[in-house]
Amino acid sequence: MLDKLNALEKDFNGQIVNCLKQADVLNLKSQILGKKGSLSEILKSLKDATPEQRKEIGPRSNEIKQNIEKSVQSKLSEIEIKEVNEKLSKNKLDFSLRDSLLELGLRDGGIHPVAKIQREVEDIFVSMGFDVLDGPHIEDDWHNFGALNIPETHPARDMQDTFWFKDMKHLLRTHTSTIQVRGMEAKKPPFKFVGPGKVFRCERTDATHEMCFHQLEGMMVGKDITVGNLIYFMKTLLKEIFKKDMEVRLRPGFFPFVEPGFELDIRWKKPDPKKGESEHSGWLELLPCGMVHPNVLKAGGIDPGEYNGFAFGLGLDRLVMVRYAIEDIRHLHSGDLRFNKQFKSH
Ligand code: DAH
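Residues numbered from 1 in each chain as written. Predicted model: local features only at pLDDT ≥ 70, side-chain atom pairs only at ≥ 80, totals over all residues. Heavy atoms only, no water.

### Overview of the environment of L33
What counts, and what does not: Only DSSP runs of H or I reaching four residues or more are called helices, and only runs of E reaching two or more are called strands; each is numbered from the N terminus. We call two residues in contact whenever any of their non-hydrogen atoms come within 4.5 Å of each other.
Mapped onto the secondary structure, L33 falls in helix α2 (residues 22-33). Between the alpha carbons of L33 and E69 there is a distance of 8.9 Å; along the sequence they are 36 residues apart. Setting aside residues no more than four positions away along its own chain, L33 makes contact with L39, S40, K65, I68 and E69.

### Digging into the site of the ligand
Quick note on the threshold: Nearness here has a simple test: a residue counts as near a molecule or strand if at least one of its heavy atoms is within 4 Å of that partner. The term polar contact refers here to a pair of N or O atoms within 3.5 Å; inside protein, the definition further demands a hydrogen-donor-capable atom paired with an acceptor-capable atom, and it admits residues adjacent in sequence only when both atoms are side-chain atoms. In this classification, the charged set is Asp, Glu, Lys and Arg, the nonpolar set is Ala, Val, Leu, Ile, Met, Phe, Trp, Tyr, Cys and Pro, and all remaining amino acids, among them Gly, are polar.
Close to the ligand lie 15 residues, the nearest being H175, S177, R201, Q215 and E217. Side-chain polar atom of Q215 to an oxygen atom of the ligand: 2.9 Å apart, as the coordinates give it. Backbone polar atom of A311 to an oxygen atom of the ligand: 3.1 Å apart, as the coordinates give it. Within the residue set of the shell around the ligand, elements represented by two or more residues are β5 (212-222), β8 (279-292) and β9 (308-315). Class assignment of the residues belonging to the shell around the ligand gives a composition of seven nonpolar, six polar and two charged.

### Topic: unusual backbone geometry
Operational definition: A simple rule labels every residue: compare its accessible area, found with a 1.4 Å probe on the protein chains alone, to the largest value its type can have, and call it buried under 20%, exposed over 50%, or partly exposed in between.
Put simply, P189 and P190 share a cis peptide bond, and its omega is 0°. Secondary-structure assignment places P190 in the loop between α8 (178-186) and β4 (191-200). Despite not being glycine, M168 has its phi angle at roughly 60°, a positive value. Among the structural elements, M168 can be located in the loop between α7 (141-144) and β3 (170-172). A relative accessible area of 42% places M168 in the partly exposed class. The phi dihedral of A325 is positive, around 50°, even though this residue is not glycine. The residue A325 is located in the loop between α11 (316-324) and α12 (331-334) in this model.

### Comments concerning the nonpolar core
Stated precisely, the cut-off is as follows: What makes a nonpolar core is a set of buried Ala, Val, Leu, Ile, Met, Phe, Trp, Tyr and Cys residues whose side-chain atoms join them at distances within 4.5 Å.
If you look at the biggest cluster of nonpolar residues, it comprises 42 residues, and the most contacted ones within it are V121, F125, F242, I266, L287, F312 and L314. Elements represented by at least two residues in this core include exactly α6 (113-127), β5, α9 (227-242), β7 (258-271), β8, β9 and α11. When near neighbours in sequence (up to four residues on either side) are disregarded, I266 contacts L238, F242, M246, E247, V248, G282, W283, L284 and L286. If you look at the next biggest cluster of nonpolar residues, it comprises 21 residues, including W164, L171, V258 and V296.

Structure representation (structure tokens):
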């Protein structure tokens, strides 16, 4: 019997080196160690052996079993590593693509103009003592609408504008004003913060509309805050961005979460395509804002008798378009290298 066991081990060692696939290894293992495997067959005749023989055979068969299991494991991982390496060597990077990028003048990747302006605006607000907050893209009705004093029947809840989830309770946030609510939940007044991010609307796209665009929300809550404070911060922001004093005007604007609400316009000169080089100036709507509605403060757990504040929602894509004279918002998401190239040096 001992001879049979030794022969079995020898046979196994000879066969496993020739296994090329993991399945072959596992087959071989079950041929030997399986219920009807050759080791079990040999051990069946143990009952006819003398006690001395048993003393010898027992430990030896255990030893063989362990050796086989070890070899099986190491063969399995050897095959796996070989297979992964083969796959990797097939998927080599195609460096010929690099040449076509170089032809377009793109040596390296760059920061997207929206990301760049977002960072700039964040830095400006941080330098004025604002915090930068974040919020989730998937929101609930309360954070997107309810807490912002947008009643059930408000058109902003219209199915056309909002990407609702099937449960009709969750949605892709339609504006960064959700971060006002999250900020009020997290902070005790006085506070001031900005909250940038992507927002989503179920819109038909055209030159000025995208389904996904970027806003930067701002909120300041404290005691005796005035429209004067709001204008001061907005003018400082615009001066930093456009590197000069900007003339602004406020027009009344309706948003359920502010009272009074405004549209802040800037006086803007833009090249007139009809008159070639000559410029004409006009007012450009840039920044909706207002004094936070008392109901919004209440929803955020803040006593409107004690505190008040202002809020604004800056359209970052709009700002990029004004600054770089981009005529179509869809360029920003197109990934077209000829368009991206112009931002390389910015
Ligand atoms: N959330 C508004 C929108 O997306 C923009 C807005 C208006 C934000 C007025 C504000 C605000 O904070 O005060 O249309």
